[in-house]
Amino acid sequence: MADLTRLTAAETAERIASGDVTAVEVAEAHLARIDAVDEKVHAFLHVDREGALAKAREVDEKRARGERLGPLAGVPVAVKDLFTTEGVPTTVGSKILEGWIPPYDATVVRKLKEADVVILGKTNMDEFAMGSSTENSAYGPTGNPWDLTRIPGGSGGGSSAAITAYEAPLAIGTDTGGSIRQPAAVTGTVGVKPTYGGVSRYGMVAFSSSLDQAGPCARTVLDAALLHSVIGGHDELDSTSIDQPVPDVVAAARNGEVSGLRVGVVKEFRGEGYQAGVLQRVDETVELLRELGAEVVEVSCPSFTKALAAYYLIAPSECSSNLARFDAMRYGLRVGDDGTHSAEEVTALTREAGFGDEVKRRVMLGTYALSSGYYDAYYGSAQKVRTLITRDFERAFAEVDVLVSPTTPTTAFPIGERADDPMAMYLADLCTIPSNLAGNAAMSVPCGLAEEDGLPVGLQIVAPAMADDRLYRVGAALEAAHQARWGHPLLEEAPSL
Amino acid sequence: MPGISREEVAHLARLARLELKDEELDHFAGQLDDIIGAVATVSDVANEDVPPTSHPLPLTNVMRPDVVRPGLTPEQALSGAPAQEQQRFKVPQILGED
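Every value quoted in this text rests on a predicted model; they were computed, and no experiment measured them.

**A short note on the overall build of chain A**
Here is step 1: A tally of regular secondary structure across chain A gives 16 helices and 11 strands.
Here is step 2: Its C-alpha atoms put chain A at 65 × 55 × 45 Å along the principal axes.
Here is step 3: Look at the contacts in chain A between residues 6 or more apart in sequence, and 76% of them connect residues 24 or more apart.
Here is step 4: Total accessible area computed for chain A in this model is approximately 15800 Å², and 48% of it derives from carbon and sulfur atoms.
Here is step 5: Positive and negative side-chain charges in chain A, numbering 44 and 69 respectively, have mean positions lying 3 Å apart.

Written out as structure tokens, the structure is:
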């Protein structure tokens, strides 16, 4: 039998539905692949072997009884360790939650289960989703399957590495400043940040509540759409969830077409700091869009140059507030409770022991930005920049249907290269952050390998809020045109593990 | 903007309930100074006539009917607690001796 781990999610679902393979066979093939390669990749923090096989058996029984199966029934998925999973450890990549077993499921997890998707386990991530390299995980870094000495992106590096290494056809990520799209770009996969509010945040461990957004990671645009349609939609448990139907992203992915579409190229996202090989592949892909019949124009969004600065005030401010819940009283680690310390001292000792450097840095940065006397200059100004960025997008979308840019300024950098230089690390999310601040929808699709290092380059596509289907229309058209040129999917050029 | 001193980092750490070690104070002082220097540029473009945006969605208070629904059991709610007693979270002493 051909290697089941090489199939797309859509193919896997079809073969299970037709009885060609069983869901148990598919789950076993992926668990065997994890056993074979994850020691090198370290994409997973926890593999739920029994849970996955039990769900797969349930799918096979449903099929045997002639029950109608959903579009992803029996397909394995890996879930970022930021979603609560009932009975399965959830650590958010942090020591402060080591060994914590949540008593309830996040809405995304509940929806996956209801759709008969098989959850393989929890993937590695930067602690509390703070980072762009997965080096900030308290459990050690993840390697990029293209070159294990390089970063797989962050904070969802485990999710992107799992699909790149064929350990799972699908994964769930979260994107606060680019944590789905940047890993997708540097691993040559597809990553989508849906419209803010388009996927429920209930049961996600909150980092920056006005920016955090769950979304799909996949190897193809259609697979991402299938997963997006399973997890998307209104949730009354999340007061920021949009009460509107999710656009038909699956139909858009099946009908990739850009003829007559107006595409804006963001002028501000090139120049100093951008790798030549990245810009070359992005320019070629823009040319490809033109050949496919799109109308391409340059668009200026001048406030985008301030997005990174605004983000590194807003996100730490919200994180300093959200992470106050880690006080050692109700769950997680407790340090110093020896009868000689007060509750306040136990909290401080626990947070010192349980949080890593990047989390401490951001908690203090947020505390500073929100403190009396600095609030207007920092947090208040950052919120005004957010208004200007939103206006830039509105002006741009009055002229064009989608915007495109590089997803990241460079390809995957070596593990350790930026570890001691926070500002250098923050630059990895330069192009992705504006969409988080404005709340619109964005995707990264592979557009080839950079000439100088042979590593994947991603193109970012941005659409207005609740127009997520446009991302899939453009992404699918590009995917088909690129693969016709390359003769195969980009990932087939990755070295075997 | 003023630089961040070691004492200011110690003050921030106290406010943020972080019992930082001495070497961390030096380490973070330099890094926070660099970061704050870089992000302070937001004030260049933030004119008085620009309204602030705190959230991408126009948020309204979401109310639901006041109906009793099943929630976590006390055992479930306490399942992750570092210490518990008589179906309650057991915490270290809050008040000092005096």
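Continuing now.
**What to know about the overall build of chain B**
Here is step 1: The secondary structure content of chain B amounts to 4 helices and 2 strands.
Here is step 2: Taken from the N to the C terminus, the helices and strands of chain B come in the order α-α-α-α-β-β.
Here is step 3: For chain B, the C-alpha radius of gyration of 23 Å lies well beyond 13 Å, the compact-globule estimate for 98 residues.
Here is step 4: The principal-axis extent of the C-alpha atoms belonging to chain B is close to 50 × 45 × 25 Å.
Here is step 5: A total of 98 residues make up chain B; the buried ones form 30% of that total.
Here is step 6: Taking contacts inside chain B between residues at least 6 apart in sequence as the whole, the part at least 24 apart equals 23%.
Here is step 7: When the accessible surface of chain B is totalled, it reaches about 7000 Å², and 52% of it is carbon and sulfur.
Here is step 8: Between the mean site of the 8 positive side-chain charges and the mean site of the 17 negative ones, chain B shows a separation of 13 Å.

**Observations regarding a nonpolar patch on the surface**
Here is step 1: A surface patch of nonpolar side chains, amounting to about 400 Å² of accessible area, comprises B:F89, B:V91, B:I94 and B:L95.
Here is step 2: Relative to the assigned elements, B:I94 resides in the segment after β2 (88–89).

**Some points on helix α3 (residues 49–64) of chain A**
All names here are of chain A.
Here is step 1: Taking 1.5 Å of rise per residue, the 16 residues of α3 would be expected to cover 22 Å, and the 23 Å separating its terminal C-alpha atoms lies within 8% of that figure.
Here is step 2: Among the residues making up α3, those that are buried are A52, L53, K55, A56, V59, D60 and K62.
Here is step 3: The elements touched by buried residues of α3 are α1 (9–17), α2 (23–41), α4 (107–114) and β3 (118–123).
Here is step 4: Following α3 by one or two positions, G66 adopts a phi angle in the positive range, close to 80°.

**Some details on the environment of A:V400**
Here is step 1: One can find A:V400 in the loop between α13 (376–399) and β9 (402–406).
Here is step 2: Leave out the neighbours within four places in its chain, and A:V400 touches A:R262, A:V263, A:G264, A:V297 and A:V299.

**Brief notes about the packing of aromatic side chains**
Centre-to-centre distance and the angle between the planes together describe a pair of aromatic rings.
Residue and element names in this part refer to chain A.
Here is step 1: For the coordinates displayed, the defined rule picks out 14 aromatic pairs over all chains.
Here is step 2: Aromatic pair F128 and F355: ring centres 5.8 Å apart, planes at 85°, arrangement edge-to-face. Of this pair, F128 sits in the loop between β3 and α5 (157–164) while F355 sits in the loop between α11 (343–354) and α12 (357–369); the two residues are 227 residues apart in sequence, bridging distant segments of the chain.
Here is step 3: Overall, the relative accessible area of 4% leaves F355 in the buried class.
Here is step 4: Aromatic ring contacts, followed pair by pair, group W100, F128, F326, Y331 and F355 into a single cluster.
Here is step 5: One cation-aromatic arrangement involves R6 over Y166; the distance from NZ or CZ to the ring centre is 3.8 Å.

**With respect to the interface of chain A and chain B**
Here is step 1: Each partner contributes residues to the interface: chain A has 63 residues there, and chain B has 56 residues.
Here is step 2: In total, chain A and chain B occlude about 5000 Å² of area from one another, counting both sides; carbon and sulfur atoms represent 68% of this.
Here is step 3: Looking only at chain A, the three residues that lose the most surface to chain B are A:E352, A:M364 and A:K384, adding up to 13% of its buried area.
Here is step 4: For the interface between chain A and chain B, the tally reads 5 salt bridges.
Here is step 5: Its salt-bridge partner being B:K21, residue A:E352 comes within 3.1 Å of it at the nearest N-O pair.
Here is step 6: Counting residues per element, the side of chain A that touches chain B draws most heavily on α13(A), which supplies 11 residues.

**Description of helix α2 (residues 22–39) of chain B**
Here is step 1: Between its first and last C-alpha atoms α2(B) spans 26 Å; for 18 residues at 1.5 Å apiece the expected length is 26 Å, and the two agree.
Here is step 2: Of all the residues in α2(B), the buried ones are B:E24, B:L25, B:F28, B:A29, B:Q31, B:L32, B:I35, B:I36 and B:V39.

**Points about the nonpolar core**
Nonpolar side chains in soluble globular proteins generally cluster together in the buried interior.
Residue and element names in this part refer to chain A.
Here is step 1: Core analysis: the biggest nonpolar cluster contains 142 residues, and L112, F128 and Y472 have the highest contact counts within it.
Here is step 2: Filtering out sequence-adjacent residues up to four positions away, Y472 remains in contact with V192, P216, V221, A224, A225, H228, V249, A252, A253 and M443.
Here is step 3: Grouped together as the second largest cluster of nonpolar side chains are 31 residues, V21, V26, L31 and F44 included.

**As for the confidence of the model for chain B**
Here is step 1: A residue-level look at chain B finds 95% of positions with pLDDT of 70 or above and a mean pLDDT of 90.
Here is step 2: Across the interfaces of the predicted complex, the ipTM metric reaches 0.94, alongside a pTM of 0.97.

**Digging into the sheet that holds strand β1 (residues 44–47) of chain A**
All names here are of chain A.
Here is step 1: In spatial order, the strands read β1-β3-β2-β4-β6-β5-β10-β11-β9-β7-β8; together these 11 strands make up an open sheet with mixed pairing. Every interior strand has two partners, whereas the edge strands, β1 and β8 (295–299), have only one. The average undirected angle you get between the axes of adjacent strands in this sheet is 25°.
Here is step 2: Sheet analysis places strand β4 (residues 170–174) next to strand β6 (residues 214–218), joined by 5 bridges and oriented antiparallel. Paired with A171 across the two strands is C217, which belongs to β6.
Here is step 3: Strands in contact with helix α7 (residues 221–231) are β2 (76–80), β4, β5 (190–193), β6 and β10 (441–449); relative to β6, the strand with the most contacts, it is inclined by about 150°.

**Quick notes on the environment of A:A54**
All names here are of chain A.
Here is step 1: When you line up the elements, A54 lands in helix α3.
Here is step 2: A54 sits in the partly exposed class, given a relative accessible area of 37%.
Here is step 3: Along the primary structure A54 and V24 are separated by 30 residues, whereas in three dimensions their C-alpha atoms are 8.5 Å apart.

**Thoughts on a negative patch on the surface**
Here is step 1: Side chains of A:D357, A:D420, A:D421, B:D33 and B:D34 sit close together on the surface and give a patch of like negative charge.
Here is step 2: Residue A:D420 is classed as exposed on the basis of its relative accessible area, which comes to 66%.

How each quantity is defined
- Residues numbered from 1 in each chain as written.
- Chains lettered and ligands numbered in written order.
- Predicted model: local features only at pLDDT ≥ 70, side-chain atom pairs only at ≥ 80, totals over all residues.
- Heavy atoms only, no water.
- Helix = DSSP H or I, 4+ residues; strand = E, 2+ residues; numbered from the N terminus.
- Contact = heavy atoms within 4.5 Å.
- Areas by Shrake-Rupley, 256 points an atom, 1.4 Å probe, with all protein chains shown as cover.
- Lys, Arg positive; Asp, Glu negative; His and termini not counted.
- Charge placed at Lys NZ, Arg CZ, Asp CG, Glu CD.
- Rg over C-alpha atoms; globule rule 2.2 N^0.38 Å.
- Buried < 20%, exposed > 50% of the residue type's maximum accessible area, 1.4 Å probe, protein only.
- Patch = residues over 30% accessible without salt bridge, like charges linked within 9 Å, V, L, I, M, F, W, Y side chains within 5 Å.
- Salt bridge = Lys/Arg side-chain N within 4 Å of Asp/Glu carboxyl O.
- Expected span 1.5 Å × (residues − 1).
- Phe/Tyr/Trp six-rings, centres within 6.5 Å; stacked < 30°, edge-to-face > 60°.
- Lys NZ or Arg CZ within 6 Å of the ring centre and 35° of its normal.
- Buried area = accessible area lost by both parts, 1.4 Å probe.
- Core = buried A, V, L, I, M, F, W, Y, C linked by side-chain atoms within 4.5 Å.
- pLDDT = per-residue confidence, 0-100.
- Pairing = 2+ DSSP bridges.
- Axes fitted to C-alpha atoms, helices over the stretch in contact; angles between N-to-C directions.

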